[in-house]
Amino acid sequence: MLHRHGRSNPSRSSPGRTVAGDGVVGQTPGSISVDFPARLMRKPDRTRKTGGQEVPMEPDLAERITESLPWLDAAADRMQEAFEPVVGQSAPRALRDALYGVWLGHPLHPAVIPVPVGCWTATAVFDLIGEERAADLTLNLGLAGAVVSAVTGAAQWQDYASQKDIKRIGALHAILNTGATVLYAGSAIARRNGSRTAGMALSTLGLGVNLASAWLGGELAYEMGAGVDHTAFQSAPEEWTDVAAEADLMEGQPVRVEVGDMPVMLVRGGGGITAIGATCSHMGGPLDEGEIAEGCVTCPWHGSVFRLEDGGVVHGPATSPQPRFEVRTLGGRVSVKPYHPEPLSLPDPAAVAEAAGRVISTGDQGAGQASG
Ligand code: FES
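Residues numbered from 1 in each chain as written. Predicted model: local features only at pLDDT ≥ 70, side-chain atom pairs only at ≥ 80, totals over all residues. Heavy atoms only, no water.

- With an unreviewed UniProt entry as reference, the protein is termed Ferredoxin, 2Fe-2S, source organism uncultured Thermomicrobiales bacterium.
- UniProt lists a comment for the protein under the heading Cofactor (unreviewed entry), and it reads "[2Fe-2S] cluster". (UniProt positions renumbered as here; feature names shortened; annotations may be inferred.)

Structure, rendered in structure tokens:
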């Protein structure tokens, strides 16, 4: 099926759009609202098969927490408002891209959270075996890591204003992490003032709060899909698939086609035709409704920018590239197939081991001759 989105499409947005509550993209002057699909607003009710029948499953603990703490909505609103100048749409783009992890190819937040969690767990172990200096050092390293984790987490969470579950659990996650950090800061002060027992009590409490918060972080990522590449479970046939008539593609006007189960966006421009996944890797926004300019497409939901040529991320919040397709035109028809880069030519471990063995045995012989 082929869908064209012309320049006057009413769901297009202007740059600088922000996300507001109620499942609607907030409007900046000149922009038009976009409804989020229901599937992105809440997890679908989960069911399991019993005796050949689908029966609803009990909500899990995180869902029950979400439902029982409605006050978190107001707290989350205030937090997102406070974070806006640092990690929101009005913050410098280079800073936001760095915090999202665009340079890393996946979200930065999960890569830095092992620092506070790991360091503070080590603090508990060092306290237990009486290694005071090591305990104090890991506690302070954990405090530094907690600051970086907080900023990167806030950047990632900021765009989830329209998803109630993620917004509430994310707010609770942030509140608990702040509590844990305050407890550890208190512990550091107590230790410095010679109150080691009080310091250890505070850090033990902090570790409990931190681990509870880490569990919520796992729920956010693995149960609710926060930070997950939204194209990860899409697939397209490996062979060439006929998708459109060449004459239907107008310069700079994206066209959405289905390739197997995967929506793909075709764009004619710069003397050629490009094809990348049409579902934004960030949260599933419709890229075929985005702005096309300078060889890139801007997602209409949160402003991620992708190169049309190869689907690479130019600006976040997306950190994963769009699936890329090869394009061929034959007899006025356009066909696409998934692009796969050449595999990296890494050294064969067996060959490396053999070469290392030869070096060692040559060295041994040389040493033997020298001593003889
Ligand atoms: S869905 Fe968020 S930037 Fe595309």
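**Focus: helix α3 (residues 72-87)**
Thought 1: The principal kink in α3, of about 25°, is found at glutamate 81, preceding the proline proline 85 by one to four residues.
Thought 2: Residues of α3 that are buried: Leu72, Ala75, Ala76, Met79, Gln80 and Val87.
Thought 3: Lining the buried residues of α3 we find α4 (93-100), α7 (132-157) and α8 (164-192). (Bend = angle between axes of the 7 residues up to and from the residue. Helix = DSSP H or I, 4+ residues; strand = E, 2+ residues; numbered from the N terminus. Buried < 20%, exposed > 50% of the residue type's maximum accessible area, 1.4 Å probe, protein only. Contact = heavy atoms within 4.5 Å.)

**A word on the environment of isoleucine 292**
Thought 1: Checked against the element boundaries, isoleucine 292 lands in strand β8 (residues 291-293).
Thought 2: Judged by its relative accessible area of 13%, isoleucine 292 is buried.
Thought 3: In this structure the C-alpha to C-alpha distance between isoleucine 292 and phenylalanine 306, which are 14 residues apart in sequence, comes to 9.8 Å.

**Observations concerning unusual backbone geometry**
Excluding glycine, residues mostly carry a negative phi; peptide bonds, for their part, are mostly trans.
Thought 1: Looking along the chain, the bond that leaves glycine 316 and enters proline 317 is cis, with omega of 20°.
Thought 2: Take proline 317: it is sitting in the loop between β11 (313-315) and β12 (324-330).
Thought 3: With a phi angle near 50°, glutamate 294 is a residue other than glycine that sits in the positive phi range.
Thought 4: Note on placement: glutamate 294 falls in the loop between β8 and β9 (296-298).

**Observations regarding a nonpolar patch on the surface**
Thought 1: The grouping of Val86, Leu95, Val147 and Val151 at the surface amounts to a nonpolar patch, some 290 Å² of accessible area in total.
Thought 2: Note on placement: valine 151 falls in helix α7. (Patch = residues over 30% accessible without salt bridge, like charges linked within 9 Å, V, L, I, M, F, W, Y side chains within 5 Å. Areas by Shrake-Rupley, 256 points an atom, 1.4 Å probe, with all protein chains shown as cover. Salt bridge = Lys/Arg side-chain N within 4 Å of Asp/Glu carboxyl O.)

**Focus on the packing of helix α2 (residues 61-68) against helix α9 (residues 196-223)**
Thought 1: In contact at an axis separation of 10 Å, α2 and α9 are set at 100° when each is read in the N-to-C sense. With respect to each other, α2 and α9 are oriented roughly perpendicular. Contacts between α2 and α9 involve Leu61, Ala62 and Ile65 from the first element and Trp215, Leu216 and Glu219 from the second.
Thought 2: The class makeup of the residues in the contact of α2 with α9 is five nonpolar, no polar and one charged. (Axes fitted to C-alpha atoms, helices over the stretch in contact; angles between N-to-C directions. Parallel < 35°, antiparallel > 145°, perpendicular 65-115°, else oblique. Nonpolar A, V, L, I, M, F, W, Y, C, P; charged D, E, K, R; others polar.)

**Considering the confidence of the model for the protein**
Thought 1: On average, residues of the protein score 83 in pLDDT, and 81% of them are at 70 or above.
Thought 2: Helix α1 (residues 38-41) is the least confidently modelled element of the protein, averaging 42 in pLDDT, while strand β10 (residues 305-307) averages 97, the highest of any element. (pLDDT = per-residue confidence, 0-100.)

**Regarding the pairing of strand β5 (residues 255-259)**
A regular strand places its side chains so that they alternate between the two faces of the sheet.
Thought 1: Of all five residues that make up β5, four are buried, and the element is covered over most of its length.
Thought 2: Direction of pairing for β5 relative to strand β6 (residues 262-269): antiparallel, over a ladder of five bridges. By the bridge assignment for β6, glutamate 258 is matched with proline 263.
Thought 3: Counting the residues in the hairpin turn of β5 and β6 gives two residues, including glycine 260, whose phi is positive at 60°. (Pairing = 2+ DSSP bridges.)

**A look at the pairing of β12**
Thought 1: Across two bridges, strand β7 (residues 272-277) lies against β12 in antiparallel orientation. Residue isoleucine 276 lies in a different strand from β12, and its bridge partner there is arginine 324.
Thought 2: Bridging between β12 and strand β13 (residues 333-338) involves six bridges; their strand directions are antiparallel. Paired with leucine 330 across the strands is arginine 333, a residue of β13.
Thought 3: Where β12 folds back onto β13 in an antiparallel hairpin, the turn is made up of two residues, including glycine 331, whose phi is positive at roughly 55°.

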